[in-house]
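Below, each chain spelled out in residue letters.
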Amino acid sequence: MPFDRILVATGRRPRTAGIGLDLAGVEIDARGAIAVDDRLRTSAPRIFAAGDVTARLPFTHVAAHHARVAAVNALLGTRRSVDETIPWVTFTDPEVAHVGLTEAEARERWGDRAIVARSDYATLDRAITEGQPLGFALLVADPRGHLVGATVAAPGAGEAIAELTARVKHADKIDRLSSTVHAYPTLAEGPARAADEHLRLRYASPRYRALARPVLAVRRVLARQRSRSRQHAADRGANAGLERSCGGSSTGASPRPRSIASSPPRPAVPARSAPPDRPSHGSPTCGWARGPLPGSRSRRPDASPTAVG
Ligand SMILES: Cc1cc2nc3c(=O)[nH]c(=O)nc-3n(C[C@H](O)[C@H](O)[C@H](O)COP(=O)(O)OP(=O)(O)OC[C@H]3O[C@@H](n4cnc5c(N)ncnc54)[C@H](O)[C@@H]3O)c2cc1C
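Residues numbered from 1 in each chain as written. Predicted model: local features only at pLDDT ≥ 70, side-chain atom pairs only at ≥ 80, totals over all residues.

### Quick notes on unusual backbone geometry
The omega angle of the peptide bond from Asp93 to Pro94 is 0°, so this bond is cis rather than trans. Tracing the backbone shows Pro94 in the loop between β1 (88-90) and β2 (96-100). Between Tyr184 and the following residue, Pro185, the backbone shows a cis peptide bond with an omega angle of -5°. Following the sequence through the fold, Pro185 ends up in the loop between α6 (174-179) and α7 (189-204). In the Ramachandran plot, Leu40 falls in the positive-phi region, its phi being about 70° despite a non-glycine side chain. Mapped onto the elements of the fold, Leu40 is located in the loop between α1 (21-24) and α2 (60-76). For Ala171, which is not a glycine, the phi torsion comes out positive at approximately 50°. (Helix = DSSP H or I, 4+ residues; strand = E, 2+ residues; numbered from the N terminus.)

Here it is in structure tokens:
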């Protein structure tokens, strides 16, 4: 990028001298910033301060947040504290946005147990269609997976950091970011893809695979058992149906109620075993006229290989 001069405009100082703060009992620090507590109270009990003059993060959105907290606390006597989850954006190209702990800060606190997940915008479809497939999203979480910080250095970083700020503020887990549906194709997908990548790596790890194997085996066995008992219930239903429709009458007359005292006792009906002799088709006896071949396992109730009557 060609240029003639660089303007470096850094360093701002609070202008607190000569306005009688000392007379009011308001303490200032060595840089002239007004000392406040989390409720934005100064050392003078009835005086509050907000914004850049407090030497906290010097941003417009911080000053606006301070104003809300200080005004309510001063006027209503409430005890609201300022929010510590403050995002910031550097409007370079691409933008750099950040909230919460950095990876270094998390490593300092939790060492290798800190969780760091990353996605590259080189493969993000919206970044590609925008002609800016560059940058990354980095998520930082505590050892239990609760988000504690995020950095996005990519197109649309300033927009993407809004969702991440809410998630860090509420200590959401990385999994929740992954399971939240993000519209496609958007730049907001970038951080969510980092969460996806974290989950992919977690489930592909040898530890999780070893844990998953027995669970999947048990699920398979249970599924087989469920399917068998469903089949069993279907067979029993079919038997009962055949019994009712045959009811001892070979002429197709209406079924006889089972409670009739003169009904002869019926033999127990095996659920699925094939009979030794299969009557020929068209036999006036019930059951096998439309039955399947012995040994076949049709789910049709009228095809159950059961001899009745
Ligand atoms: C070049 C530049 C770019 C910036 N870009 C961004 C950005 O992109 N995003 C962002 O969030 N922040 C940005 N900031 C920071 C942002 O402007 C400040 O954080 C924000 O304005 C702080 O608001 P404030 O009300 O606390 O103070 P200010 O906006 O500075 O307001 C203080 C007011 O008090 C007045 N005042 C001072 N002394 C006295 C006195 N003795 N008596 C009466 N009045 C007095 C001043 O004249 C001023 O009007 C930028 C700052 C600069 C300098």
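### Side note on the site of the ligand
Contacts to the ligand come from Ala9, Arg15, Ile19, Gly51, Asp52, Val53, Pro58, Phe59, Thr60, His61 and Ala63. Considered class by class, the residues forming the shell around the ligand number six nonpolar, three polar and two charged. (Near = placed C-beta within 6 Å. Nonpolar A, V, L, I, M, F, W, Y, C, P; charged D, E, K, R; others polar.)

### A closer look at the confidence of the model for the chain
When the pLDDT values of the chain are averaged, the result is 85; 79% of them are 70 or greater. Predicted confidence for residues 249-263 stays below pLDDT 50, and this span has 11 contacts to residues more than four positions away or in other chains. Every residue in residues 273-309 scores below 50 in pLDDT, and together they form 56 contacts with partners more than four places removed in sequence or on other chains. (pLDDT = per-residue confidence, 0-100. Contact = placed C-beta atoms within 7 Å.)

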